[in-house]
Amino acid sequence: MQKLTLCLALTLGLLATPLTAQTVPAPSTPAGWHPQLLFGTVNFNEQLANSPQQWQKTAARADGMLLHIHFWVRHMSTPSNNKVENAEAIERAIAPSLQGKKNIVELTYHIRDTGSSPEEIGRDHAAQVEKLEKDIGVSIDAVNVDWILSGFEVQMGEMPRQDNETDDVYFTRILNGVLAKSARYVAAFRAEGRTEKLIAVFPPIYMDEGPWTNARKQKRPGLTTSRVLNGLFDAGFDGFTADSPYFVLSNPTYRVAGYYDALRSIEWTCHQRGKSFGIILNGDNQEVGVAYDVQFGKTSLEALGLVRDAGLRPDQLVLESWYKGPFTLVPEDQAGTFSNTVMQVAAKLDADK
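Now for a look at the structure at hand. (Residues numbered from 1 in each chain as written. Predicted model: local features only at pLDDT ≥ 70, side-chain atom pairs only at ≥ 80, totals over all residues. Heavy atoms only, no water.)

1. Points about the packing of aromatic side chains
Inspection of every chain in the model, using the stated rule, returns 18 aromatic pairs. Geometrically, the ring pair formed by Trp 212 and Tyr 259 is edge-to-face, given 5.3 Å between the ring centres and 70° between the ring planes. One end of the pair, Trp 212, is in the loop between β5 (197-202) and α9 (225-235); the other, Tyr 259, is in helix α12 (residues 259-272), and 47 residues separate them in sequence. The exposure classification of Trp 212 matches that of Tyr 259, with both residues buried. Arranged with centres 6.2 Å apart and planes meeting at 20°, the rings of Tyr 292 and Phe 296 form a pair that is stacked. Of this pair, Tyr 292 and Phe 296 both sit in helix α13 (residues 289-309), four residues apart, roughly one helical turn. The burial state of Tyr 292 is the same as that of Phe 296; both residues are buried. A network of ring pairs unites the aromatic residues Phe 39, Phe 44, Trp 55, Tyr 292, Phe 296, Phe 327 and Phe 338 as a single cluster. Positioned above the aromatic ring of Trp 33, the side-chain terminus of Arg 313 is 5.0 Å from the ring centre. (Phe/Tyr/Trp six-rings, centres within 6.5 Å; stacked < 30°, edge-to-face > 60°. Helix = DSSP H or I, 4+ residues; strand = E, 2+ residues; numbered from the N terminus. Buried < 20%, exposed > 50% of the residue type's maximum accessible area, 1.4 Å probe, protein only. Lys NZ or Arg CZ within 6 Å of the ring centre and 35° of its normal.)

2. As for α12
Every α-helix carries 3.6 residues per turn, so stepping three or four residues along brings you back to the same face. The end-to-end C-alpha distance of α12, which contains 14 residues, comes to 20 Å, matching closely the 20 Å that a straight helix rising 1.5 Å per residue would cover. Listing the buried residues of α12 in full gives Tyr 259, Tyr 260, Ala 262, Leu 263, Arg 264, Ser 265, Ile 266, Glu 267, Thr 269 and Cys 270. Against the buried residues of α12 lie α9, β6 (239-243), α10 (246-249), α11 (252-256), β7 (276-281) and α13. Gly 274 sits one or two residues past α12 and shows a positive phi near 70°. (Expected span 1.5 Å × (residues − 1). Contact = heavy atoms within 4.5 Å.)

3. Quick word on the sheet that holds β6
If you walk around this closed barrel you meet the eight strands as β1-β2-β3-β4-β5-β6-β7-β8, and the pairing is parallel. Shown here is a sheet whose adjacent strand axes are inclined to one another by a mean of 25°, direction ignored. Pairing between β6 and β7: five bridges, direction parallel. Bridged to Gly 239 within β7 is Ser 276. (Pairing = 2+ DSSP bridges. Axes fitted to C-alpha atoms, helices over the stretch in contact; angles between N-to-C directions.)

4. Observations regarding the packing of helix α8 (residues 167-191) against α9
For any two helices packed against each other, the geometry is given by the interaxial angle and the distance between the axes. Two numbers describe how α8 lies on α9: the axes approach to 9 Å, and their chain directions differ by 35°. In this structure, α8 crosses over α9, and the sense of that crossing is right-handed. In this structure, α8 uses Thr 172, Leu 175, Leu 179, Ser 182, Ala 183 and Val 186 to contact α9, whose residues at the interface are Arg 227, Val 228, Gly 231, Leu 232 and Ala 235. (Left-handed = near helix turned anticlockwise from the far one by under 90°.)

5. Observations concerning the nonpolar core
Trp 147, Phe 152 and Phe 237 are the most contacted members of the largest nonpolar core, which totals 90 residues. In terms of residues, this core owes the most to one element, α8, which gives nine residues. What Phe 152 contacts, discounting residues up to four positions off in sequence, is Trp 147, Ile 174, Leu 175, Val 178, Met 207, Arg 220, Leu 223 and Val 228. One finds Leu 66, Ile 104, Ile 199 and Val 201 within the second-largest nonpolar core, a separate group that totals eight residues. (Core = buried A, V, L, I, M, F, W, Y, C linked by side-chain atoms within 4.5 Å.)

6. Focus: unusual backbone geometry
The omega torsion across Thr 78 and Pro 79 is 0°, close enough to zero to call that bond cis. For Pro 79, the position within the fold is in the loop between α4 (69-72) and α5 (87-94). For Phe 44, which is not glycine, the phi dihedral falls at a positive 65°. You can see Phe 44 is positioned in the loop between β1 (36-41) and α2 (46-50).

So, in structure tokens, the structure goes:
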């Protein structure tokens, strides 16, 4: 309870301020870029379980695995949402290859309506981490908290705009309410004795930042990604990962509209606060089977190139798929497999050292 009170006081005290523009220095390209590299997918993980020798180099080179909630917690495939038979046995078979790694589990923070309890979500996340560590045998370094943006709409429903209330006052009030709930989530997670890092994840394409206006054109004056992140950091979050797939990074209209400026601004905010900044790499496509896998690898590598060329230097790169593919995960020395794509990304990163 004392932790909760402190988090709320910090959050509400800092953010009850007028909406102001952020001045960001020009991007720089620091030498010696050594990001963490993580990988993970929802489907076909039994291939990793059945053939650990076929991805030994991948396991050794990667800093950890991204454990997506849909398989590792819900035990389901995507997009069919079918139950995966023997999912926990598959997980236990993969676990030995992940020993000593900085694995990250991705869990969902979703305030669906006024009845949603941040405390219940926090306790559930703590329980899922404990189960993965104790029952499955996978060490967890951090939780990627899939921070669902629809929480703003729920908060606006709880806090109707008052007569003559300015944008500054009203949206500061909304933001404070949203962040207060996030602080309660963090406090509940920590109260269960969990010390893992908490990293917020959402698509910055759907939030304003600098010259960038969110792609859905939702009017939330002053609620920029950086302003939200500063509040989340005050509430106890340890970093941010941008969900920014290839189709977003490669969109020329978005580039002209300032999307890369937004990403650079967000990275700067994270690093100014001493927090981590990450980017998810992937590229969905309409192919199936081998053709899908080859195209997924190609667009993932192109996404890495776009990140580099934009002067972005994230602390973590997460090669992650929640799509129907890749279909073939191993062997790592076969062109087009998911593990081979991981190794190709690693080779690009190692060439930069």
